[in-house]
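The chain contents come next:
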Amino acid sequence: MNRINQKIKEGKKILSIYFTAGYPELNDTVRILEELEKNGVDLIEIGLPFSDPLADGPTIQESSTAALKKGMHTELLFEQLKDIRKSVSIPLIIMGYFNPVFQYGVEAFCKKCHEIGIDGLILPDLPLDVYQSEYEVIFKKYGLINVFLITPQTSDERIKQIDDASNGFIYMVSSASTTGTTKGFGEEQQHYFDRISAMKLKNPQIVGFGINNAETFKQATRSAAGAIIGSAFIKHLTSHGVDAISKFVKSIR
Amino acid sequence: MTDNYFKTYPNKEGFFNEYGGAFIPPMLEEEMRKITDAYYAISKSHSFISELRSIRKHYQGRPTPVYYCNRLSEKYGGRIYLKREDLNHTGAHKLNHCMGEALLAKHLGKKKLIAETGAGQHGVALATAAAYFGLECEIHMGEVDMAKEHPNVVRMRILGANVVPVSHGLKTLKEAVDSAFEAYMKDPITTIYCIGSVVGPHPFPMMVRDFQRVVGIEAKAQFFDMTGELPDNVVACVGGGSNAMGIFSAFLDDSECSLYGVEPGGRSMEHGEHAATMTLGKPGVIHGFKCYTLQDENGEPSPVYSVASGLDYPGVGPEHSMLKDLKKVTYEVVSDKETIDAFYELSRMEGIIPALESAHAVAYAIKLAQENPRESILVNLSGRGDKDLDYVVDTYGLPD
Ligand SMILES: Cc1ncc(COP(=O)(O)O)c(C=O)c1O
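These numbers come from a predicted model, not from an experiment.

Trainee: Looking at this model, I keep getting lost on the UniProt feature "modified residue: N6-(pyridoxal phosphate)lysine" (unreviewed entry) in chain B. Mind explaining?
Mentor: Residue and element names in this part refer to chain B. If you check UniProt for "modified residue: N6-(pyridoxal phosphate)lysine" (unreviewed entry), the listed places come out as K94 in our numbering. Inspection of the secondary structure assignment puts K94 in helix α5 (residues 94-107). K94 sits in the buried class, given 32 other C-beta atoms within 10 Å.

So, in structure tokens, the structure goes:
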């Protein structure tokens, strides 16, 4: 069983952290992963930086620009991660944009992920129909879970299609825009959380965007299986550094 | 068969064979679906078609003429004709798709039009369309281009548009697209990104092409009227490829017409010195669609350069990418230097000052004329050069 499915089966609310590979320093990747696991994080999304990210807010964009400037690229990330399974055992996901994967070769990329022990991919700009017609076979061959995103605007019909195509979890984007909410979730989000919960999907949902403290984490995970923190963690890294990761995680739960 | 072509390409998901599609995050998916549905529903309606026709005639001044270049043809051989999109209102072909996009935006109840611009022609055209329909308009433009195309910045501001300077990266067209997308993503519900060419996610490459088809439909009939035949060659510059798709679309089934898309060769064919996407790029995904892309081995878009701000882009329309593979269109490269020579040549031989983008097409037409003195050449003169005057004279000086 894939580590992602296993983790979800444990039943505890999942705290997932996103960070950009190569940030704040080029070689921080492994250390950040180890620190996050040590402090009880359940799942990690490793961001492969890209210069034209259509789905990221300003904080993540800035970290990507900085990481690219320092020299982060696909092959280097794989190199940094090659022995990661000796020290980290929680599920790991690579999150990036489609073109770097496409240029590396989708099959070669998936094969490499499998060798390293990556459990899944999130490629927000890879459309469902292209995935199904061209790449699903490859993902399956290498035991990789593909995670799709939904937003408050996604129609019920589409959500059902995504649910059918998913085999890990569904990434529930909390708001319709990249800037997301910064001041907690309001009525609109609650309504959306309730709507999705009422759909009784076969895949669990993990909420992302706009989660930045214990309160929003709690709110988001009331009905969902877990929540993802990205920008708030990166901001914390920027101002407090890798040494203060424990403090950040403890402030959430 | 032509009708069949337009029904076949793109397919339902927006693909022109392997190119195009909508490689976009889910925050945009639903909006793109709405725009696509609205486009299919509205664009075929009688009221939409009549309104657009009336706008084209009474507001834009269409049809624009086809003009035979007497002195230029005499000097270089061949028979060179220009489709005068420089005489379209606002001075370029861009208004053809902007009026269509804005009319659609109005039907969708959008409040604000957002777009990027390179040379400022798309920005001016969209600001004009916004004024016409009473919508807000926000144009993103690289700081380098703002300095180069200053007259267009002033025009956009006079027209009431908010011009947002873009200061990251090379500060040109690609960065302007990044910035416009970012602004759009903040509020995709009340705003609409009216992209400036046959690029971006589905349905934009299809929509912009359809709105530009008027150029080819007019030109083909006018040319036939003037000569009793079809042109042997059709030439257009290719940035994203909207003016080229506009004119090529009428000739795709005419195997006796050779179609040439002209790409910017910049200062040289070295990395970063040109924007010859079709000639040196390979398939990739940029700004939500698949096309020939200038990029490095990690899939990062490469730096690009051209004297013409409107051609300075590392991607190209998906339909052009397909037409290249199908060998329906030949893509050629013209350098900055040849472009500047053609800019002055057309000005002094015919009294028509072309946009630097369009001057690329003129430069290639002159080459073709010299090589094929018996043939006719129809050039899409996509825009006029007013925006480029100071830049050209200050940078290259006046010839003797
Ligand atoms: C006059 C003119 N021609 C051509 C272009 C290039 O665009 P496209 O290739 O979409 O026609 C521009 C873009 O700014 C332009 O202003």
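Read on, since the account is not over.
Trainee: Which parts of the structure should I look at to understand the sheet that holds strand β5 (residues 112-117) of chain B?
Mentor: Paired through their backbone hydrogen bonds, the strands of a sheet run either parallel or antiparallel. All names here are of chain B. Strand order in the open sheet formed by 4 strands is β7-β6-β5-β8, with parallel pairing between adjacent strands. Bordering the open sheet on either side are β7 (162-166) and β8 (191-193), each of which pairs with just one other strand. Taking the axes of each pair of neighbouring strands and ignoring which way they run, one obtains an average angle of 20° across the sheet. In terms of strand pairing, β5 meets β8 through 3 bridges, oriented parallel. Counterpart to K112 in the pairing with β8 is T191. Sheet contacts for helix α6 (residues 121-133): β5 and β6 (136-142); angle to β6, the most-contacted strand, approximately 175°.

Trainee: Mind showing me how you'd approach the UniProt feature "active site" (unreviewed entry) in chain A here?
Mentor: Residues and elements named next belong to chain A. The positions UniProt marks with the feature "active site" (unreviewed entry) are E45 and D56. In this structure, E45 sits in strand β2 (residues 43-47). Residue E45 is classed as buried on the basis of its 25 C-beta neighbours within 10 Å. Once residues within four sequence positions are removed from consideration, E45 is found in contact with S16, Y18, I93, M95, I122 and I228. Summarising the element assignment, D56 is placed in the loop between β2 and α3 (58-70). For D56, a count of 27 C-beta atoms within 10 Å corresponds to the buried category.

Trainee: Is there a simple way to think about the nonpolar core in this case?
Mentor: Most often, soluble globular proteins have nonpolar side chains that are buried together. All names here are of chain B. With 205 residues, the main nonpolar core has L113, L126, V235, A365 and V379 as its most contacted residues. Counting residues per element, this core draws most heavily on helix α15 (residues 356-371), at 10 residues. Structurally, this core is a two-domain feature, drawing no fewer than three residues from each of domain 1 (21-57 + 94-205) and domain 2 (61-91 + 213-396). In contact with L126, not counting residues within four places along its chain, are C98, L113, A115, C137, I139 and C194.

Calculation notes
Residues numbered from 1 in each chain as written. Chains lettered and ligands numbered in written order. Predicted model: local features only at pLDDT ≥ 70, side-chain atom pairs only at ≥ 80, totals over all residues. UniProt positions renumbered as here; feature names shortened; annotations may be inferred. Helix = DSSP H or I, 4+ residues; strand = E, 2+ residues; numbered from the N terminus. Buried ≥ 20, exposed ≤ 12 C-beta atoms within 10 Å, placed from the backbone. Pairing = 2+ DSSP bridges. Axes fitted to C-alpha atoms, helices over the stretch in contact; angles between N-to-C directions. Contact = placed C-beta atoms within 7 Å. Core = buried A, V, L, I, M, F, W, Y, C linked by C-beta atoms within 7 Å. Domains from an automatic or database assignment.

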